[in-house]
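Structural features, examined
One letter stands for each residue in the lines below.
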Amino acid sequence: MKVNLQAVNFSAKEELVKFVEEKLNKLDSIYDQIVAADVYLKLDNSNSKDNKLVDIKLQVPGDDIVVSKKGQSFEEVINIALDTLKRLVIKKKEKDQKGNK
């Protein structure tokens, strides 16, 4: 799967980019139809601690899967977003398998 990562309003460190790619590549083992993932990491200008925003769009045949999460650190938010993505990818896979029967 191809991972396109964009950091908005800041420069992402190499460790963060690798972290995102490793986590997203685990989704390939669940569902092999994922074409690419577009990841947007944003810093919100608010004064709150929850100022890290992550938007992930998985390109899959049919409908794309989009998840947006907000939290205190990018690693935390990415893990939360991936938990949601796993559930949605499993649902999509089950729906596809039912449609092929």
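For the structure itself, look to the data block above.
The rules we used
- Residues numbered from 1 in each chain as written.
- Predicted model: local features only at pLDDT ≥ 70, side-chain atom pairs only at ≥ 80, totals over all residues.
- Heavy atoms only, no water.
- Helix = DSSP H or I, 4+ residues; strand = E, 2+ residues; numbered from the N terminus.
- Expected span 1.5 Å × (residues − 1).
- Contact = heavy atoms within 4.5 Å.
- Pairing = 2+ DSSP bridges.
- Axes fitted to C-alpha atoms, helices over the stretch in contact; angles between N-to-C directions.
- Phe/Tyr/Trp six-rings, centres within 6.5 Å; stacked < 30°, edge-to-face > 60°.
- Buried < 20%, exposed > 50% of the residue type's maximum accessible area, 1.4 Å probe, protein only.
- Core = buried A, V, L, I, M, F, W, Y, C linked by side-chain atoms within 4.5 Å.

Notes on helix H1 (residues 14–25)
- The terminal C-alpha atoms of H1, which comprises 12 residues, lie 16 Å apart, in line with the 16 Å expected from a rise of 1.5 Å per residue.
- Buried residues along H1 sit in contact with strand E1 (2–8), strand E2 (36–43), strand E3 (52–59) and helix H2 (74–99).

A word on the sheet that holds E2
- If you trace the four strands from one edge of the open sheet to the other, you get E1-E2-E3-E4, paired in mixed fashion. With one partner strand each, in any of the chains shown, E1 and strand E4 (65–71) form the two edges of the open sheet. On average, adjacent strands in this sheet sit at an angle of 15° to one another, irrespective of strand direction.
- Note that E1 and E2 share seven bridges and pair parallel. If you follow valine 8 over to E2, its bridge partner there is lysine 42.

A look at the pairing of E3
- As judged from the eight bridges shared by E2 and E3, these two strands associate in the antiparallel manner. The residue of E3 that forms the bridge with aspartate 38 is lysine 57.
- Pairing of E3 with E4, which is carried by seven bridges, proceeds in the antiparallel orientation. Bridging from a neighbouring strand, leucine 58 pairs with isoleucine 65 of E4.
- From the end of E3 to the start of E4, which pair antiparallel, there are five residues, and glycine 62 there has a positive phi angle of about 95°.

Examining the packing of aromatic side chains
- Scanning all chains against the criterion turns up one aromatic pair.
- With centroids separated by 5.1 Å and ring planes inclined at 15°, the aromatic side chains of phenylalanine 10 and phenylalanine 74 adopt a geometry described as stacked. Of this pair, phenylalanine 10 sits in the loop between E1 and H1 while phenylalanine 74 sits in helix H2; the two residues are 64 residues apart in sequence, bridging distant segments of the chain.
- On the basis of relative accessibility, which here comes to 22%, the residue phenylalanine 10 falls in the partly exposed class.
- Phenylalanine 74 gets classed as buried once you look at its relative accessible area, which sits at 7%.

Let's talk about the nonpolar core
- Ranked by size, the top nonpolar core spans 23 residues in total, and within it Leu24, Ile56, Leu58, Ile78 and Leu85 carry the most contacts.
- Mapped onto this core, the elements with two or more residues apiece are H1, E2, E3, E4 and H2.
- Here this core gets seven residues from one element, more than from any other, and that element is H2.
- In this structure isoleucine 78 touches Leu16, Phe19, Val20, Leu41 and Val54, once residues within four positions along its chain are discounted.

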